[in-house]
Amino acid sequence: MANIKRFGLIFLLFPTMILLIHSVSCEKTVLTNQAALFVFGDSVFDVGNNNYINTFRAAQANVWPYGQTTFKFPTGRNSDGRLIPDFIAEYAWLPLIPPYLQPGNSVSQFTYGVNFASAGAGALVETYRPQNVIPLGSQLNNFKNVEKMFKEKLGDAETKRILSRAVYLIQIGPNDYFYPFSVKATYFQSNSKDKFVNYVIGNTTTVIEEIYKIGGRKFGIMNMGRLDCVPSLLTMDPTRIGSCFEPITELIKLHNVRISNVLRDFQRRSPGFKYSLFDAYTAGTEAIENPTKYGFKEVKKACCGSGPFRGSSTCGYRSGPSRDFDICENVSDYMFFDGSHTSEKANQQTAELMWDGPSDLVGPFNLKTLFQKF
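Small disclaimer: the values here were computed from a predicted structure and weren't measured. (Residues numbered from 1 in each chain as written. Predicted model: local features only at pLDDT ≥ 70, side-chain atom pairs only at ≥ 80, totals over all residues. Heavy atoms only, no water.)

Undergrad: Got a minute to help me understand unusual backbone geometry in this structure?
TA: What you tend to see is this: most non-glycine residues have negative phi, and most peptide bonds are trans. Cis peptide bonds are those with omega within 30 degrees of zero, and the linkage from Trp-64 to Pro-65 qualifies with 15°. Of note, Pro-65 is situated in the loop between strand E1 (37-41) and helix H1 (84-91). Pro-364 follows Gly-363 through a cis peptide bond whose omega is 0°. Inspection of the secondary structure assignment puts Pro-364 in strand E8 (residues 362-364). We note that Asn-132 has phi near 65°; this positive angle belongs to a residue other than glycine. With respect to the helices and strands, Asn-132 occurs in the loop between strand E2 (113-115) and helix H3 (136-154). Residue Asn-132 is classed as partly exposed on the basis of its relative accessible area of 43%. The phi angle at Phe-309 is positive, at roughly 60°, despite the residue not being glycine. (Helix = DSSP H or I, 4+ residues; strand = E, 2+ residues; numbered from the N terminus. Buried < 20%, exposed > 50% of the residue type's maximum accessible area, 1.4 Å probe, protein only.)

Undergrad: What is the right way to look at the sheet that holds strand E5 (residues 274-278) in this model?
TA: Judged by pairing direction, the sheet is mixed, and its 6 strands sit side by side in the order E2-E1-E3-E4-E5-E8 without closing on themselves. Bordering the open sheet on either side are E2 and E8, each of which pairs with just one other strand. The mean angle between the axes of side-by-side strands here comes to 20°, regardless of whether they run parallel or antiparallel. Across 3 bridges, E1 lies against E2 in parallel orientation. Bridge pairing in E2 places Val-39 opposite Asn-115. The sheet strands contacting helix H7 (residues 246-269) are strand E4 (218-222), E5 and E8, and the helix crosses E5 at an angle near 170°. (Pairing = 2+ DSSP bridges. Axes fitted to C-alpha atoms, helices over the stretch in contact; angles between N-to-C directions. Contact = heavy atoms within 4.5 Å.)

Undergrad: Is there a simple way to explain the state of the cysteines in this structure?
TA: Here, the word disulfide means a covalent bond between the sulfur atoms of two cysteines. Using the criterion set out here, one finds 3 disulfides in the structure. Put simply, Cys-229 and Cys-244 are joined by a disulfide, and their sulfur atoms are 2.0 Å apart. Handedness of the Cys-229-Cys-244 disulfide follows from its S-S torsion of about 110°: it is right-handed. Note that Cys-229 is positioned in the loop between E4 and H7 and Cys-244 in the loop between E4 and H7, a separation of 15 residues in sequence. Exposure remark for Cys-229: the relative accessible area of 4% places this residue in the buried category. With a relative accessible area of 25%, Cys-244 lands in the partly exposed category. Across a sulfur-sulfur distance of 2.0 Å, Cys-303 and Cys-328 are joined as a disulfide pair. Disulfide Cys-303-Cys-328: torsion about the S-S bond near -85°, hence left-handed. Placement of the pair is Cys-303 in the loop between helix H8 (280-289) and strand E6 (304-305) and Cys-328 in the loop between strand E7 (326-327) and helix H9 (344-356), with a sequence separation of 25 residues. Neither residue differs from the other here; Cys-303 and Cys-328 are each classed as buried. Cysteine pairing in the chain follows 1-2, 3-6, 4-5, where each cysteine in a disulfide is numbered by its order in the sequence. (Disulfide = S-S within 2.5 Å.)

Undergrad: Whenever I open this one, the side chain of Thr-249 confuses me. Can you help?
TA: You can see Thr-249 is positioned in helix H7. The class for Thr-249 is buried, based on a relative accessible area of 12%. Engagement of the side chain of Thr-249 in a polar contact is seen with the side chain of Asp-228, the distance being 2.7 Å. In this view, Thr-249 contacts Asp-228 and Tyr-281; residues no more than four positions away in its chain are not counted. (Polar contact = N/O pair within 3.5 Å; in protein donor to acceptor, adjacent residues only side chain to side chain.)

Undergrad: Quick question: what am I supposed to make of helix H5 (residues 174-183) here?
TA: One turn of an α-helix holds 3.6 residues; hence residues three or four places apart share an orientation. Counting buried residues in H5 gives 7 out of 10 residues, a clear majority hidden from the surface. Those residues of H5 not exposed but buried are Pro-174, Asn-175, Asp-176, Tyr-177, Tyr-179, Pro-180 and Phe-181. Packing partners of the buried residues in H5 comprise strand E3 (167-171), helix H6 (193-214) and H7.

Undergrad: Can you help me understand the packing of aromatic side chains in this one?
TA: Each aromatic ring pair is described using two quantities: the centre-to-centre distance and the angle formed by the ring planes. Applying the stated criterion to the full structure yields 28 aromatic pairs. With a centroid separation of 6.5 Å and an interplanar angle of 35°, the aromatic rings of Phe-87 and Tyr-91 are classed as tilted. Of this pair, Phe-87 and Tyr-91 both sit in helix H1, 4 residues apart, which is roughly one turn of that helix. In terms of burial, Phe-87 and Tyr-91 fall into one category: buried. Arranged with centres 4.6 Å apart and planes meeting at 55°, the rings of Tyr-128 and Tyr-179 form a pair that is tilted. Of this pair, Tyr-128 sits in the loop between E2 and H3 while Tyr-179 sits in helix H5, placing them 51 residues apart in sequence. Assigned by exposure class, Tyr-128 and Tyr-179 land together as buried. An aromatic cluster is present here, built from Phe-38, Phe-40, Tyr-100, Phe-110, Phe-116, Phe-143, Tyr-168, Tyr-212, Phe-219, Phe-266, Phe-273 and Tyr-275 joined pairwise through their rings. Positioned over the ring face of Phe-374 is Lys-274, at 4.8 Å from the centre of the ring. (Phe/Tyr/Trp six-rings, centres within 6.5 Å; stacked < 30°, edge-to-face > 60°. Lys NZ or Arg CZ within 6 Å of the ring centre and 35° of its normal.)

Rendered as structure tokens:
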């Protein structure tokens, strides 16, 4: 997409839907040069999979005011409107990528990509396991099911072509790093942070390696952004109300160093492997420190929620005729829509940077290059 402005934004985190009109003689016909988009991750990327599973309320966004800006109704996206993958699909001239669990999906739809992400998911199976979300490993299994569908309907050669040309977008880890604190505040007093980060990185790279073995070659990865500064964590330390939650900051920094090294090493030993690593931490820091530069009036308080900084996860809750949350008048003034997730405006800024941002924020390739040059 030409001349996209470069903006700073927070980590987390369809235009009018673009319909790709083409002649189709049977289900096996796809656009010859079109690269598909396969999406893995958590609530930053989940476009509605959790609508179709029995999980906890905080892992679903299927109530008003979620979706109010673009769709005018809740779709399961944890924002007021579109998420990062929706914008990436637009820039790549793809239709909206459907959630894997959406009823009525067909192979012809899946040839443009599938979204496997699940709000609350982590790289570790243990993360929010009691809440029945879909962890990264299970998302990989769902991808393998799609590969099987392709082979049955399209044949081995066409399946190989689709999977090798596709871009695989992955955002995972924030829930893994937050979950231990939600269960036991002192967890890391008796458990090694180094080993924990290695487990998260290890599970993430195992999935990347499995996709590579199946035929995937092009990957878009987000590092850990400013999870420590989302509204819901500004009150985690009662002695530093309003400050970023430093115990998670250390985990984020360890993660970001190691994911960069692991991807670089994997590229050296994996023919054809190409990746785009987006530095969400640096971009998020820039937006938090210079909000007006990016069109925000508020970067600490959420638009929707309750309690200090509207950080409590009550957006959309009703215990009776009255609602249990407050909501802002102008969401475009806010970086965060709820206590843990960014607004559509911030999501678009993120997507623009991932698509063709400067080399100090995204590299060794940007997503535009992955889609259009390889």
